[in-house]
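Each chain, written out:
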Amino acid sequence: MNIRSLTRGDGVVIGAAVVLFIASFLDFSSYDCPQGVDCSRFDSPNAWDSLGLLMSVFLAGVIGAALLIVSRAMPGRKVVGLDLGQFGAALTVFALWTAFWTILDVNSAGAGLILGLLAAIVLVAGAVAGPMIPALKAPLVSPASPAQGVAAGQAPYGAGPGQGYGFPAGQQQQPYGAQPSQGYGYPGAPQQGQPAQADPAQAQQAQAQQPSQGGAAPAGDFTPFWFAVPVARPLYGEDGSPNPIAELAPGTWYLAVEQRGQSLIAQTQDGRRGVLQDTTGIQRG
């Protein structure tokens, strides 16, 4: 999975899951050694000595966090009728619920149980509040601009060796839809290296047709461009299917090849094309 597709909320979830797993190896309960008694051989149990506690608190939280992260790579997958991310969030809430009542039932909670409860609280906060708080929805790694990728010597997606970035600032790549020996793709476009011949009759005819068009720009005026999304957004099929075919992740540049009303036809790195319905706040390259 591309790390640039992760959000800050995902980072909180991953960090809390790591702490929760470490806490499972710490002491489950603490004790006071009586004076004059050698307690060096006393082995305090941890969560791995109690299968029920291990599965219902520690591993349940870790598995829930893993499902949340995997749901980023496989949007639309369901488990028992629930979305993969929703099922993972439910597991984290269950882990917190069990940890809370377990620590109330123990007379002297150890470091493992206390740290596990704190990690479960942070885990649930990241899982539930992550998609709602703008600060947690921001990309975990800031996306690099197309110009920075070219300056670093990396050929961007869609540009061959020795070419500029293409859209919108590249100067060496042919415009989208143009043939190697033609202009932008309109009929009668002059070939490269040949000056366009001015025809007074054709110029007058073109000026006469402009008012009748009502000021509407032809569809061919759309210039493909690179863009990045501020948060993860689904990409739907061009056939109108309600299920997404992919998910556009923050921190990755995608190519917009066509515009349909307020939506964009976007192309992913693996060549799949689909409809991006929500275009608010996208960053153009």
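Residues numbered from 1 in each chain as written. Predicted model: local features only at pLDDT ≥ 70, side-chain atom pairs only at ≥ 80, totals over all residues. Heavy atoms only, no water.

Q: I keep staring at the side chain of Thr7 and nothing clicks. Help me out?
A: By the secondary structure assignment, Thr7 is in the segment before α1 (8-23). Exposure remark for Thr7: the relative accessible area of 4% places this residue in the buried category. Among residues more than four places away in sequence, those in contact with Thr7 are Arg72, Leu136, Lys137, Ala138, Pro139 and Leu140. (Helix = DSSP H or I, 4+ residues; strand = E, 2+ residues; numbered from the N terminus. Buried < 20%, exposed > 50% of the residue type's maximum accessible area, 1.4 Å probe, protein only. Contact = heavy atoms within 4.5 Å.)

Q: How should the environment of Leu113 be read in this particular structure?
A: For Leu113, the location among the structural elements is in helix α4 (residues 111-129). A relative accessible area of 2% places Leu113 in the buried class. Sequence separation of Leu113 and Phe25 is 88 residues, and the distance between their C-alpha atoms is 9.9 Å. Beyond its immediate sequence surroundings of up to four residues, Leu113 is in contact with Asp27, Phe28, Thr102, Ile103 and Val106.

Q: I tried to follow the nonpolar core on my own but got confused; where do I start?
A: The nonpolar side chains of soluble globular proteins are, as a tendency, buried together. By size, the foremost hydrophobic cluster in this structure holds 23 residues, and its most contacted members are Phe58 and Leu123. Contributing elements (two or more residues each) for this core: α1, α2 (51-73), α3 (84-105) and α4. If one sorts the elements of this core by residue count, α2 sits on top with 7 residues. Beyond its immediate sequence surroundings of up to four residues, Leu123 is in contact with Val13, Ala16, Ala17, Leu20, Gly61, Ala65 and Thr92. Membership of the second largest hydrophobic core comes to 13 residues, among which are Phe227, Leu248, Ala249 and Ala256. (Core = buried A, V, L, I, M, F, W, Y, C linked by side-chain atoms within 4.5 Å.)

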